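Geometric and topological summary
The residues making up each chain are set out below.
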Amino acid sequence: MDDEDRRLLERTLARAAAQHTGGALDAALAELGWLDALSIDPRAAISLLFQLQGATNTTSSALGRVLAHALGVGSGPEIGIVLPPVGRWDPPGTVDADDLVVHGLGPASLSGVGSALIVTSIGKRTVGITVPTASLVLRAVNGMDQGLALLEVTARTTVAEHMSEALDCDWASALVLGRLALAHELVGASRTMLDLACEHARGRIQFGRPIGSFQAIRHRLAETLVGIDMADAMLDSAWHDHSPETAAMAKSVAGRQARTTARNCQQVLAGIGFTTEHPLHHYIRRTLVLDALLGSATSLTRALGAEVISTSQLPVLPPL
């Protein structure tokens, strides 16, 4: 995708994200050809859309489409993808004796499709099994961020009934793209939180001058900006390297920085930032959930550390 096409895609996605969310945004993305862009240029399609979703606090089923693309099963709207539950990144399906046990998450759009793809490990194979959506138990998750409209997905079915249609899947590659997408969304949300804090700092007058002129406020905002740019730079490196380790690092850095951004911006906004009338709380809720999906900053850092200890080898870092 050349620069002109990228700018055109960014403008059209920005209008769509500003006007729609949920199922309406899914329909707009299908009409705009985002699924085609995902096949042609995954980096442009993922980075632009998810950064905008984070910035505008909108949601779609695009994360499932990204995983489907990485798994090689297509990214069309006719099939839904079950995601791992919050706090985990292993496949959402497990085999118990002769049964396939499903425990995961899905977007609200999952209830409107005829079939769902469940990724599970069977022996040394990781396979994707397509099951009728009607065989799944779907329950709305009324948690911290209800705007995400997530569904808890559970089921228990016989593995043999679906093995004839099982496809070998590369779950590690799916995690790479999924984590990069979520990291972009976290960075987009962080930049909007910083914009809200900067706007308040410019307009809030104390002692006859804007609070943004106070050194303590300026340092806190500058620290936040540097951290967000660091997360963005880590994302750029992860796209170039495209390894599971750097993708996990990028997701971890973006999640940790989103929490730091929320804390610093809340301090700058002070009392107004605690009110439901101010939009900051929507972004804080969203980033806390996004950080937990496909591995939080804490759990990914712990897993990377455990791998370094077990292998006695440091991951190869991309050149500066």
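Treat the numbers as computed from the prediction; the structure is a model and nothing was measured. (Residues numbered from 1 in each chain as written. Predicted model: local features only at pLDDT ≥ 70, side-chain atom pairs only at ≥ 80, totals over all residues. Heavy atoms only, no water.)

**Comments concerning helix α6 (residues 171-203)**
This is how the line gets drawn: Here a helix means four or more residues in a row that DSSP labels H or I, a strand means two or more in a row labelled E, and each is numbered from the N terminus. Expected helix span is taken as 1.5 Å per residue step, with the number of steps being one fewer than the number of residues. Whether a residue is buried, partly exposed or exposed follows from its accessible area with a 1.4 Å probe, protein chains only, as a fraction of its type maximum: under 20%, in between, or over 50%, in that order.
In this model, α6 (33 residues) spans 48 Å end to end at C-alpha, consistent with the 48 Å of a helix rising 1.5 Å per residue. Across the 33 residues that make up α6, a large majority, 24, are buried.

**As for the nonpolar core**
Test applied: In these notes, a set of buried Ala, Val, Leu, Ile, Met, Phe, Trp, Tyr and Cys residues joined through side-chain atoms within 4.5 Å is what counts as a nonpolar core.
Of all hydrophobic cores here, the largest spans 78 residues; its most connected members are L13, W34, I46, F50 and L180. If one sorts the elements of this core by residue count, α6 sits on top with 17 residues.

**Some points on the pairing of strand β4 (residues 115-122)**
So the rule is basically this: When DSSP finds at least two bridges between two strands, those strands are taken to pair.
Counting buried residues along β4, 6 of its 8 residues qualify, which places the element largely inside the surrounding structure. Summarising the sheet, strand β1 (residues 79-81) and β4 pair through 3 bridges and their orientation is parallel. Within β4, the position partnered with G80 by the bridge is A116. Looking at chain direction, β4 and strand β5 (residues 125-132) are connected through 8 bridges and run antiparallel. Across the sheet, residue I118 finds its bridge partner in β5, namely I129. In textbook terms, the turn of a hairpin is the stretch between consecutive antiparallel strands, and for β4 and β5 this stretch comprises 2 residues, one of which, G123, has a positive phi near 65°.

**Let's talk about the environment of T157**
In this fold, T157 is placed in strand β7 (residues 150-158). A residue is classified by how much of its surface remains accessible, and T157, at 15% relative accessible area, is buried. In this structure, the C-alpha to C-alpha distance between T157 and H184, residues 27 residues apart in sequence, is 36 Å.

**Section: the packing of aromatic side chains**
Rules: Ring pairs shown here join Phe, Tyr and Trp side chains whose ring centres sit within 6.5 Å, with only the six-membered ring taken for Trp; geometry is labelled stacked below 30 degrees between planes, edge-to-face above 60, and tilted in between. Only when the NZ of Lys or the CZ of Arg is both within 6 Å of the ring centre and within 35 degrees of the ring normal is a charge said to sit over the ring.
Counted according to the given criterion, the structure contains 1 aromatic pair. With centroids separated by 6.4 Å and ring planes inclined at 55°, the aromatic side chains of F207 and F214 adopt a geometry described as tilted. With relative accessibility at 77%, the residue F207 sits in the exposed group. Assessed through its relative accessible area of 18%, F214 is described here as buried. Sitting above the plane of the W89 ring, R179 keeps its charged end 5.2 Å from the centroid.

**Some words on the pairing of β7**
Pairing analysis gives 9 bridges linking strand β3 (residues 99-107) to β7, with the strands arranged antiparallel. Each residue of the ladder has a partner; that of P107, found in β7, is L150. As defined by bridge partners, strand β6 (residues 137-140) adjoins β7 across 4 bridges and the pair is classed as antiparallel. Counted as the bridge partner of R139 is E152 from β7.

**Here's the deal with unusual backbone geometry**
A positive phi angle is found at A149, which is not glycine, with a value near 50°. Note on A149: relative accessible area 34%, which makes it partly exposed. Phi is positive for F207, which is not a glycine, with a value near 55°. Positionally, F207 belongs in the loop between β9 (205-206) and β10 (209-210).

**Brief notes about a negative patch on the surface**
Applicable threshold: Exposure above 30% relative accessible area and the lack of any salt bridge qualify a residue for a patch; like charges then connect within 9 Å, and the nonpolar side chains Val, Leu, Ile, Met, Phe, Trp and Tyr within 5 Å. We get accessible surface area from the Shrake-Rupley algorithm with a probe of 1.4 Å; when it comes to residues, only the shown protein chains can shield them. A side-chain nitrogen of Lys or Arg and a carboxyl oxygen of Asp or Glu constitute a salt bridge if their distance falls within 4 Å. A positive count includes Lys and Arg, and a negative count includes Asp and Glu. His and the chain ends are not counted in either. In this description, the location of a charge corresponds to atom NZ of lysine, CZ of arginine, CG of aspartate or CD of glutamate.
A surface patch of like charges, here negative, comprises D2, D3, E4 and D5. Among the secondary structure elements, E4 is positioned in helix α1 (residues 3-19).

**Re the side chain of D26**
Just so we agree on the cut-off: Counted as a polar contact is a pair of N or O atoms within 3.5 Å, where, for protein atoms, one must be capable of donating a hydrogen and the other of accepting one, and residues adjacent in sequence contribute only when both atoms are in side chains. Any two residues whose heavy atoms approach within 4.5 Å are treated as being in contact.
Here D26 lies in helix α2 (residues 23-32). Nearest to the buried, unbridged D26 among oppositely charged side chains is R65, at 6.0 Å. Among the polar contacts listed, one links the side chain of D26 to the backbone nitrogen of S61, at a separation of 2.9 Å. Excluding residues within four positions of it along the chain, D26 makes contact with S60, S61, A62 and S109.

**Quick look at the packing of helix α4 (residues 42-56) against helix α7 (residues 215-241)**
Rule in force here: For every element, the axis is a line fit to its C-alpha atoms; helices are fit only across the contacting stretch, and the angle between N-to-C directions ranges from 0 to 180 degrees. Here roughly perpendicular refers to angles of 65 to 115 degrees, roughly parallel to angles under 35, roughly antiparallel to angles over 145, and oblique to all remaining angles. For any pair of crossing helices, the crossing counts as left-handed if the nearer helix is rotated counterclockwise from the farther one by less than a right angle, and right-handed if it is rotated clockwise. Residue polarity follows a fixed list, in which Ala, Val, Leu, Ile, Met, Phe, Trp, Tyr, Cys and Pro are nonpolar, Asp, Glu, Lys and Arg are charged, and the others, Gly among them, are polar.
With their axes 12 Å apart at the nearest point, α4 and α7 run at an angle of 155° to one another. Accordingly, the angle class assigned to the pair α4 and α7 is roughly antiparallel. Where α4 crosses over α7, the handedness of that crossing is right-handed. Contact residues: α4 offers P42, R43, I46 and Q51, while α7 offers D232, D236, W239 and H240. Class assignment of the residues belonging to the contact of α4 with α7 gives a composition of 3 nonpolar, 2 polar and 3 charged.

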